[in-house]
Amino acid sequence: MDLYDYKKLLDKVYEKIPENVKQSARFEIPKVEIRIESKNTFITNLNKILNTLNRDKKHFMGIFLKKAGTMGEIRGQQLFLKGQYKEQVLNRLIENYTKTYVLCNICNKPDTQIQREGKKYYLKCTACGARQEIKEK
Ligand SMILES: [Zn+2]
């Protein structure tokens, strides 16, 4: 099969997918995967989470650690947290971060960028064009 046929085939397959399924390449935050080691917690799928959120590591870390109320650092591919944490707690912290710093307040899509203006931060949505000041919750 040459490349052209393959592409045609893909188009055909794509046409058969109902519209609502196409749209719901839905935004889902990966659940944390953790490992407890000598009373400390490692999030082992940090990069996957950050790739989904499409946010800067440093920005995420700053807020995440503050909310978790602990110290931590990136160690290789993992996030080290001082202390033992349950998955649900970490997932909730990440959800809260996502609501404030990733999802558009208007259309709820994750296609956003953080823009800084003086001391204020704005969430600019590239999907609907909304731009809203980020207020920490
Ligand atoms: Zn939007």
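Residues numbered from 1 in each chain as written. Predicted model: local features only at pLDDT ≥ 70, side-chain atom pairs only at ≥ 80, totals over all residues.

Of the regular secondary structure elements, the chain holds five helices and seven strands. Shown N-terminal to C-terminal, the secondary structure of the chain runs as helices and strands in the order α-α-β-β-α-α-β-β-α-β-β-β. The 137 residues of the chain split such that 14% are buried. In the chain, of all internal contacts separated by at least 6 residues, the share reaching a separation of at least 24 is 44%. (Helix = DSSP H or I, 4+ residues; strand = E, 2+ residues; numbered from the N terminus. Buried ≥ 20, exposed ≤ 12 C-beta atoms within 10 Å, placed from the backbone. Contact = placed C-beta atoms within 7 Å.)

Here we come to the sheet that holds strand 2 (residues 40-43). With antiparallel pairing, the four strands of this open sheet are ordered in space as 1-2-4-3. Two strands close off the open sheet at either side, each with one partner strand: strand 1 (34-37) and strand 3 (72-75). Neighbouring strand axes in the sheet, compared pairwise and without regard to direction, differ in orientation by 25 degrees on average. Relative to strand 2, strand 1 runs antiparallel, the two sharing four bridges. Residue pairing across strands places Ile34 opposite Ile43, the latter belonging to strand 2. (Pairing = 2+ DSSP bridges. Axes fitted to C-alpha atoms, helices over the stretch in contact; angles between N-to-C directions.)

Here we take up the environment of Glu133. Summarising the element assignment, Glu133 is placed in strand 7 (residues 131-133). When near neighbours in sequence (up to four residues on either side) are disregarded, Glu133 contacts Lys120 and Tyr122.

Glancing now at the confidence of the model for the chain. Put simply, the chain has an average pLDDT of 89, and 88% of its residues get 70 or more. Mean pLDDT per element in the chain: helix 2 (residues 19-23) is the minimum at 51, and strand 2 is the maximum at 98. (pLDDT = per-residue confidence, 0-100.)

With that settled, the discussion passes to the sheet that holds strand 7. Taken together, three strands build an open sheet; the order of strands is 5-6-7 and the sheet is antiparallel. Unpaired on one side and paired on the other, strand 5 (112-117) and strand 7 mark the two borders of the sheet. The sheet shows a mean angle of 30 degrees between the axes of neighbouring strands, taken without regard to direction. Examined bridge by bridge, strand 5 and strand 6 (residues 120-125) share six bridges and lie antiparallel to one another. Considered in strand 6, the bridge of Arg116 is made with Tyr121.

Right, let's talk about the nonpolar core for a bit. Counting 13 residues, the largest nonpolar core has Ile43 and Ile94 as the members making the most contacts within it. Among the elements of the structure, helix 3 (46-53), helix 4 (57-68), strand 4 (78-81) and helix 5 (87-101) are those that each provide at least two residues to this core. With residues up to four places along the chain from it excluded, the contact list for Ile94 reads Ile29, Val32 and Ile49. (Core = buried A, V, L, I, M, F, W, Y, C linked by C-beta atoms within 7 Å.)

Let us look at unusual backbone geometry. Positioned with a positive phi, Lys39 is a non-glycine residue whose angle comes to about 65 degrees. You can see Lys39 is positioned in the loop between strand 1 and strand 2. Under the C-beta neighbour-count criterion, Lys39 is labelled exposed, with 8 such atoms within 10 Å. Located in the positive-phi region is Asn54, a residue other than glycine, with phi close to 55 degrees.

What follows is about the pairing of strand 3. Two faces belong to every sheet, and in a regular strand the side chains alternate between them. Alignment of strand 3 against strand 4, held across four bridges, turns out to be antiparallel. Bridge pairing in strand 4 links Arg75 to Gln78. The loop that links strand 3 with its antiparallel partner strand 4 comprises two residues; one of these, Gly76, has a positive phi angle of about 65 degrees.

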